[in-house]
Amino acid sequence: MSHPPAEFDHLDHRAIAAATAIPAHVVQAKGNGHAGTAMALAPLAHVLYQRILVHDPSDPAWEGRDRLVLSAGHASLLLYVQLYLTGYGLELEDLAASRRLHARTPGHPEIDITPGIEMSTGPLGQGLASAVGMAIAAKHEQALFGAAAPELFNHSIFAIAGDGCLQEGISHEAASLAGTMALDNLVVIWDDNSITIDGPTSEAFQEDVRSRFTAYGWHVIDVPDGSDPEAIEQALTRAKLYAGSPVFVALSTVIGTPSETHGGKPAAHAGGFGDDEVSRIKETLGFSPDAALEELVTPDVLKHTRDATLRGKELHSDWNARISEWRSQHPADAARLDAFREKHTAPELSALSALPLYETGSSVPTRSANGTVVQRLSKLPVARFWGGSADLSSSTSVTVPGSHFTNANPSGEFIRFGVREHAMAAILSGIALHGCWRPFASTYLAFSDYQRPALRLSALMALHVVHVYTHDSVAVGEDGPTHQPIEQIAALRTIPGLAVVRPADANEVIEVWRRIITSPEGPVALILSRQDLPVLERAADGDAARGAYVIATVGSGDDLALIATGSEVTLAIDAARALYEAEAIGVRVVSMPCIEWFLDESDAHRHAVLPSHLTARVAIEAGRGDAWYRFADAVVSIEAFGESGSGPEVYAAREMTVERIVATSVIALSDSEVPGSED
C-alpha cells in the first residue's frame, strides 16, 4: 500500500496554514482549550493524513487501516481539524463546538463519539502504552490468520507523545517492553518542544531521551525542524519501512508557532492567545487578520485535503481485491478469521460446559479453578481470550501451554509483560481496541493500585478486558501487610463500569466466567483466593452470574441476611448456623460475587434475594466495608492494615471470625425497628 512521494504544493502549504490557524481561532473564541500543540504539529498531522497513514475516511473502521493514537490527548484539536479536512464527517461547526456538552469534539479524544478516533486519551502516557498493545495484537493477528499473506495484515501503529507522556512512568514500562519485543510495526512520534505548563522541560526532564529509546532497543530518527513537511514525510516513510525494532521519531517543534507572544512559552499550552495575537497569527499565515472560521479553509483547499477520501478508497479497494484473492486461495485461514470476528460466544460457552463441576466438600483455591478455565479457553481453535501476567503466571495460575509472544514468535500463546503492572493494564486496552480480542492479564490484588489510571480508561471505553487478581485478602498471610489487600476491592468498586467479581468457591468461578464471556461490554476485575476454599453446597437455582443469590438458608431464612463474598461466604454460613443454634434466628446467606451485576438485575430478582421483610442485613468482607452500607445495616470488615503471620492468624487478629459476625448480627437485629433497604 505504498504511494509515490510528491512535492508539497501551494495547496498543501495553505492546508497546513489553515490547520495551524483553526486551533488558535477556536480556542480564543471559546476562551478555553489547548491550541499550542495542535498549531505546532499541524505540518505533522497534514503529512500523516495526506501521505503516510493507510486510512479510508469513508470507512473509519476499515480493518486494513493504520492506527493513530494521540497520547498527548489535550491536543485533540490536532485530530479534529484533520478529521474535518480529510472527510470523516466533522464540519467547521463541530470544531467551533469543541469541549461543549454533547459535542462530537470533546475536550480530549473519545472513541464512539468522534469518527476516526482510535482511543480515548488524556492521562499522559496511556496512549503510548495502549499503542504498544495495538502493535502486539496486530502482530499476533498477522501470525494467526495471515501467515500466507502477511502484507495484508501488515498495518502500522502510530502514536504521538509529548514530553509529559515520556515523563510518566508508564512510558518507561511500555517502551521497554516494546523494544524487548522488537515491535517493528510501531512508530512513536515525540513532540520535542522543550516546554511544559510550569516552565522549560530542562527544569525537571534532563535525560537524553534519544539515547533512552536507543537503550530500550528502538531505532531513533531525528527531525530537527518540525515545520518542514518534506523532512517529516521522509522520516515517517523511513520509520514505516524500518524492520527489526520499533521506531522513535524525535520531532523538534515550537509550541504555539507562529505566535510572537506565546510561541515557545508555557502560556501556549492552554487558553486563548488574545484577540490581537490571534489576528497577527492569521496574518502571518496568509489570512485576513479578522478572518472568520469559515474563511480559513477555502473551497480549493478543502477539495484538495478531501482528496484523502479518494486516496483512501483506492487503498481500500486494492486491499479488498487482495484479501478476496487470499480468501479464495486460503479458505481455511479465511474461515478461522471469520470465526474470530464473529460475536457469538458458543465455542467459549461450550468449553465451559465441558468442565466438570467441583465436588461439594472438596477444597480448591479459586485461583486454581480460574486457571483451569483460562487453559480451556486458550485451547480453543480460535481463542479470543489471550494474555499473560506481570511475572506471576505460575503464582496467579494463568499459565498456559506453549511459548511466549515475541517479534520472532508472534503466534506465541501468552504474553510475558514483566513486572510492569501499569503498562500491562494499558496494553490490555490496546489489544482490545485493535479487534475482537478478550485479553486478560494477572497480578496480585494489592498491586492493582499501580494500574488504576489504565483501569479507569478501560472502563470509560467499555473495553472487553479481564483483569485477574489473586491473593485476595489478609489470608495471603506471611507476606505481610504490603501484600495483604485491604482497601483495593472497595477502591475498585468506585470505578464506574468496572465489574468487580469475587467468587466464593471453585464452582462460582465457572459460573461467573459464563457471565464474563457473554457480557456485552465493560472490563472485569476477577478477584481470587490464594488459599483453599471449600466447595459449597448451594440451592438448585443458585446463579452467581446474576451477581447475588441465596446460597444457604438456615431455619426460615426470614429474620436476617448475611451477605458475603469470596472466602467470607464460608464464614457467613458457619455464623448462620451458630445464630440459629444459639438464638433460633432464621438466616439466609447471600453470596454476592458482583455488586454491579446484582444492581443490573430486575427488581424482582433483587427483592427475592434481599426481601424487604428481613429484620436486618449484615455484610461481611475481609477488607474495607464502605461499599456495603447500601445493602446492610451493619458491616463486618477489616478497616486496618494486616500484619505478618499465617492467614488464619491474621484473620483472627483482625476479628474476621464467626464470633464477631454473630455478635454484630445480634446487635443489628436488636437495633432494627424497620427493614433495611438496598437502595
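All values reported here derive from a predicted model rather than from experimental measurement. (Residues numbered from 1 in each chain as written. Predicted model: local features only at pLDDT ≥ 70, side-chain atom pairs only at ≥ 80, totals over all residues. Heavy atoms only, no water.)

Take the sheet that holds strand E11 (residues 499-501) next. Read across the open sheet, the six strands follow the order E8-E7-E9-E10-E12-E11; overall the sheet is parallel. The open sheet is flanked by strand E8 (415-416) and E11, the only strands paired with a single partner. Inspection of the sheet shows strand E10 (residues 466-470) paired to strand E12 (residues 524-527) by four bridges, in the parallel sense. Considered in E12, the bridge of His-467 is made with Ala-525. (Pairing = 2+ DSSP bridges. Helix = DSSP H or I, 4+ residues; strand = E, 2+ residues; numbered from the N terminus.)

What follows covers the packing of aromatic side chains. Tallied over the entire structure, the rule returns 16 aromatic pairs. With a centroid separation of 5.9 Å and 75° between ring planes, the pair formed by Trp-62 and Trp-319 is classed as edge-to-face. You can see Trp-62 sitting in the loop between helix H3 (42-52) and strand E1 (67-70) and its partner Trp-319 sitting in helix H13 (residues 307-329), a full 257 residues away along the chain. Ring geometry for Trp-386 and Trp-437: centres 5.5 Å apart, planes at 40°, overall tilted. In this pair, Trp-386 sits in the loop between helix H16 (366-378) and strand E7 (387-389) while Trp-437 sits in the loop between helix H18 (421-434) and strand E9 (440-444), placing the two residues 51 residues apart along the sequence. Residue classification places Trp-386 among the buried positions, given a relative accessible area of 4%. Residue Trp-437 is classed as buried on the basis of its relative accessible area of 2%. Taking the ring centre of Phe-8 as reference, the NZ or CZ of Arg-51 above it sits at 3.9 Å. (Phe/Tyr/Trp six-rings, centres within 6.5 Å; stacked < 30°, edge-to-face > 60°. Buried < 20%, exposed > 50% of the residue type's maximum accessible area, 1.4 Å probe, protein only. Lys NZ or Arg CZ within 6 Å of the ring centre and 35° of its normal.)

Our focus in this paragraph is the pairing of strand E5 (residues 247-252). Most of E5 is tucked away: five of the six residues are buried. Where strand E3 (residues 186-192) lies against E5, six bridges are found, and the strand directions are parallel. Bridge pairing links Asp-192 to Ser-252 in E5. The sheet contact formed by strand E4 (residues 219-223) and E5 spans five bridges and is parallel. Opposite His-219, over in E5, you have Val-247 as the bridge partner. Taken together, E4, helix H10 (residues 229-241) and E5 constitute a β-α-β crossover, and its handedness is right-handed. (Right-handed = clockwise from strand over helix to strand, strands pointing away.)

Looking now at the sheet that holds E3. An order of E1-E2-E3-E5-E4 is seen for the five strands of this open sheet, with the pairing classed as parallel. The open sheet terminates on both sides in strands that have one partner only, identified here as E1 and E4. In this sheet, adjacent strand axes meet at a mean angle of 20° when their direction is disregarded. (Axes fitted to C-alpha atoms, helices over the stretch in contact; angles between N-to-C directions.)

Going through the model one piece at a time under the given rule, you end up with two cavities of 30 Å³ or more. In this structure, the largest cavity spans a volume of roughly 90 Å³. Taken together, 13 residues make up the lining of the largest cavity; nearest its centre are His-55, Asp-66, Tyr-88, Gly-116 and Glu-118. Here the residues of the lining of the largest cavity sort into seven nonpolar, two polar and four charged. For the second largest cavity, the calculated volume is near 50 Å³. Lining the second largest cavity, in full, are Gly-33, His-34, His-74, Ser-76, Leu-77, Ser-98, Arg-99 and Gly-107. Along the lines of polarity and charge, the residues of the lining of the second largest cavity split into one nonpolar, six polar and one charged. (1 Å grid on protein atoms, 1.4 Å probe; cavity = no way out; pocket = protein on both sides within 12 Å on 5 of 7 lines; lining within 4 Å. Points joined across faces, edges and corners; volume = space filled by probe spheres on them. Nonpolar A, V, L, I, M, F, W, Y, C, P; charged D, E, K, R; others polar.)

A few words on the pattern of salt bridges. Applying the stated criterion to the full structure yields 30 salt bridges. With its nearest N and O atoms 3.6 Å apart, the salt bridge here joins Asp-12 to Arg-51. Remark: Arg-51 occurs in helix H3 and Asp-12 occurs in helix H1 (residues 10-30); sequence separation between them is 39 residues. (Salt bridge = Lys/Arg side-chain N within 4 Å of Asp/Glu carboxyl O.)

Right, let's talk about the packing of H1 against helix H11 (residues 275-284) for a bit. A pair of packed helices can be characterised by two numbers: the angle between their axes and the separation between those axes. One can describe the packing of H1 onto H11 by two numbers: an axis separation of 10 Å at closest approach and a directional angle of 165°. Taken together, the axes of H1 and H11 are roughly antiparallel relative to one another. In the crossing of H1 with H11, the sense of the turn from one axis to the other is left-handed. Contacts between H1 and H11 involve Ala-24, His-25 and Gln-28 from the former and Asp-275, Val-278, Ile-281 and Lys-282 from the latter. Partitioning the contact of H1 with H11 into residue classes produces three nonpolar, two polar and two charged. (Parallel < 35°, antiparallel > 145°, perpendicular 65-115°, else oblique. Left-handed = near helix turned anticlockwise from the far one by under 90°. Contact = heavy atoms within 4.5 Å.)

This paragraph deals with the confidence of the model for the protein. Per-residue pLDDT for the protein has a mean of 95; in total, 98% of the residues score no lower than 70. Within the model, the stretch residues 674-679 combines pLDDT values under 50 with 18 contacts to residues more than four positions away or in other chains. (pLDDT = per-residue confidence, 0-100.)

Counting residues in hydrophobic clusters, the biggest one holds 135 residues, and the most contacted among them are Leu-48, Ile-136, Leu-186 and Ile-189. Among the elements that make up this core, the one with the highest residue count is H1 (11 residues). When sequence neighbours within four positions are dropped, the list of residues in contact with Ile-136 reads Met-181, Leu-183, Trp-386, Phe-405, Ile-415, Ile-427 and Ile-431. Judged by nonpolar contacts, the second largest core, of 69 residues, contains Val-512, Val-535, Ala-576 and Val-587. (Core = buried A, V, L, I, M, F, W, Y, C linked by side-chain atoms within 4.5 Å.)

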